[in-house]
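The residues making up each chain are set out below.
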Amino acid sequence: MPKRVVAGIVTSDKMSKTRRVEIARLVKHPKYKKYIRRRTVCHVHDENDESGMGDRVEIIESEPLSKLKRWRLVRVLEKSTAVDVVALRAARKSAEAEGLAAAHAGEPEAESTSSDA
């Protein structure tokens, strides 16, 4: 029997060489005939830590690698374009602080004379 190959989205990259991948699917409710979103969570072995949070990846079935890992990473289909807003703000704030510190350190007397005038 051939091994299954599926695509999913990485939802966690906190573990070393392991990724948590969610595979989304739609299921029709037997009584109400409405389509419901369901997901399957797979723990995937990523030997070189290639993938990151939010990336779309292709995975393949494999022999059991640990208690939860039964899949291996084939390739990264699409890198995530999501931006970490908190990290971006912190970087901007530190850059502004460095710029202000450099401006104050370079010309302390010129600034005081210009404010007096």
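Residues numbered from 1 in each chain as written. Predicted model: local features only at pLDDT ≥ 70, side-chain atom pairs only at ≥ 80, totals over all residues. Heavy atoms only, no water.

Description of the pattern of salt bridges
- As enumerated under the stated definition, the model contains nine salt bridges in all.
- Of the charged contacts in the structure, one is a salt bridge between Arg75 and Glu58, with a shortest N-O distance of 3.0 Å. With Arg75 in strand 5 (residues 69-78) and Glu58 in strand 4 (residues 56-61), this residue pair connects regions lying 17 residues apart in the sequence.
- A salt bridge links Arg72 to Glu63; its shortest N-O distance comes to 2.8 Å.
- The partly exposed category is assigned to Glu63, whose relative accessible area is 41%.
- When salt bridges with common partners are traced through the structure, they connect Arg19, Asp46 and Asp49 into a single cluster. (Salt bridge = Lys/Arg side-chain N within 4 Å of Asp/Glu carboxyl O. Helix = DSSP H or I, 4+ residues; strand = E, 2+ residues; numbered from the N terminus. Buried < 20%, exposed > 50% of the residue type's maximum accessible area, 1.4 Å probe, protein only.)

Describing the sheet that holds strand 2 (residues 18-28)
- Here five strands make up a closed barrel; going around it, the order is 1-2-3-5-4 and the pairing mixed. For this sheet, the mean inter-axis angle between neighbouring strands, taken without regard to orientation, is 50°.
- Pairing between strand 2 and strand 3 (residues 35-45): eleven bridges, direction antiparallel. When the bridges of strand 3 are listed, Lys28 appears paired with Tyr35. (Pairing = 2+ DSSP bridges. Axes fitted to C-alpha atoms, helices over the stretch in contact; angles between N-to-C directions.)

Overview of the pairing of strand 5
- For strand 3 and strand 5, the ladder comprises three bridges, and the chain directions are parallel. For His43, the partnering residue across the bridge sits in strand 5 and is Lys69.

Purely geometric numbers; function is a separate question.
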